[in-house]
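# Analysis of the macromolecular model
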Amino acid sequence: MTLRTVVGSILAYGYNRLVGNIPSRVLRRMYLWLYLVHIGQETNVQLNCKFLNGRRVTLGNNNVVNFGCLLDGRKYDIRIGDNVSIGPEATILTLGHDPQSSNFEDSGGDVVVGDRAWIGYRALVMPGVVIGEGAVVAAGSVVTKNVDPYTIVAGIPAKAIGTRNMELNYTLSYAPWLL
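Here is a short report on the structure shown in this document.

## Side note on the sheet that holds strand 9 (residues 91-92)
Across the sheet, five strands lie side by side as 3-6-9-14-17; this open sheet has parallel pairing. Taken across any chain shown, the strands that pair with only one partner, and hence form the sheet edges, are strand 3 (50-52) and strand 17 (142-143). Bridge analysis of strand 6 (residues 70-72) against strand 9 gives two bridges, and the strand direction is parallel. Counterpart to Leu70 in the pairing with strand 9 is Thr91.

## Regarding helix 1 (residues 3-18)
Its 16 residues give helix 1 an end-to-end C-alpha distance of 22 Å, which sits within 8% of 22 Å, the value for a rise of 1.5 Å per residue. Within the sequence span of helix 1, burial applies to Ala12, Gly14, Tyr15 and Asn16. As for helix 1, its buried residues are in contact with helix 2 (25-35), strand 2 (44-45) and strand 3.

## Examining the state of the cysteines
Across all of its chains, the model carries zero disulfides by this definition. Cysteine Cys49 is unpaired, with the sulfur of Cys69 as its nearest cysteine sulfur at 4.6 Å.

## Some points on a nonpolar patch on the surface
Taken together, the side chains of Met1, Leu3, Val6, Val7 and Ile10 present a nonpolar region at the surface, about 560 Å² in accessible area. For Val7, the location among the structural elements is in helix 1. Among the residues examined, Val7 registers a relative accessible area of 40% and is labelled partly exposed.

## Considerations on unusual backbone geometry
Residue Pro157 is bonded to the preceding Ile156 through a cis peptide linkage, with omega at -10 degrees. Relative to the assigned elements, Pro157 resides in the loop between strand 18 (151-154) and strand 19 (159-163). Look at Arg116: it is not a glycine, yet its phi comes out positive at around 60 degrees. With respect to the helices, strands and loops of the structure, Arg116 is situated in the loop between strand 12 (111-113) and strand 13 (118-119). Judged by its relative accessible area of 19%, Arg116 falls in the buried class.

## Focus on the sheet that holds strand 12
Strands pair in a sheet through their backbones, by hydrogen bonds, and they do so in one of two ways: parallel or antiparallel. Here we have five strands laid out as an open sheet, ordered 1-4-7-12-15, and parallel in their pairing. Each having just a single partner strand, strand 1 (38-39) and strand 15 (130-131) make up the two edges of the open sheet. Note that strand 7 (residues 78-80) and strand 12 share three bridges and pair parallel. Residue pairing for strand 12: Ile78 is matched across the bridge by Val111.

## Things to note about the packing of aromatic side chains
All told, the structure shown has three aromatic pairs when counted by the stated rule. Aromatic pair Tyr15 and Phe51: ring centres 5.5 Å apart, planes at 70 degrees, arrangement edge-to-face. Here Phe51 lies in strand 3 and Tyr15 lies in helix 1, a separation of 36 residues in the sequence. Of the two residues, Tyr15 and Phe51, both sit in the buried class. Ring centres 6.0 Å apart and planes at 65 degrees place the aromatic pair Tyr31 and Tyr35 in the edge-to-face group. Note that Tyr31 and Tyr35 are positioned in helix 2 at a spacing of four residues, about one turn of the helix. Aromatic ring contacts, followed pair by pair, group Tyr15, Tyr31, Tyr35 and Phe51 into a single cluster. Sitting above the plane of the Tyr170 ring, Arg116 keeps its charged end 5.3 Å from the centroid.

Rules used in this analysis
Residues numbered from 1 in each chain as written. Predicted model: local features only at pLDDT ≥ 70, side-chain atom pairs only at ≥ 80, totals over all residues. Heavy atoms only, no water. Pairing = 2+ DSSP bridges. Helix = DSSP H or I, 4+ residues; strand = E, 2+ residues; numbered from the N terminus. Expected span 1.5 Å × (residues − 1). Buried < 20%, exposed > 50% of the residue type's maximum accessible area, 1.4 Å probe, protein only. Contact = heavy atoms within 4.5 Å. Disulfide = S-S within 2.5 Å. Patch = residues over 30% accessible without salt bridge, like charges linked within 9 Å, V, L, I, M, F, W, Y side chains within 5 Å. Areas by Shrake-Rupley, 256 points an atom, 1.4 Å probe, with all protein chains shown as cover. Salt bridge = Lys/Arg side-chain N within 4 Å of Asp/Glu carboxyl O. Phe/Tyr/Trp six-rings, centres within 6.5 Å; stacked < 30°, edge-to-face > 60°. Lys NZ or Arg CZ within 6 Å of the ring centre and 35° of its normal.

Here you go:
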């Protein structure tokens, strides 16, 4: 085990078990500013979110990461644009295993989420997926393939069910006091 791995494990443990449960946005944000690759202005990460290797996670400006989310940056990057809403208990994975591998090899890839995308409650985004600008992932969906910009997907596996208005001009600003 390398020193880098040990330090990374301590940082993850510190946030996931301690800091991430403190009802102070200021303290959580200060820790994340040191721990993540980048956390943008006015981005709010609510209570009980977990990061698996935050050194591979980039959060843009004005994002809302709701309570109980899991962002898995163990081996590959997660890059989230601006004004992205991630619903409660959603999961973004970058690493899994190849089910056909005789020795249980890793399989995965970067996950990219475009500006003004909306990921619903308990949605699951699988490794290697790109979610386009303005796209919507319905609650409980499992995204196994790329989602085109302004496309609404739902289901297991997620499939296109509609399109979203392309004239989006909002700025997210959601920072409840104790979350």
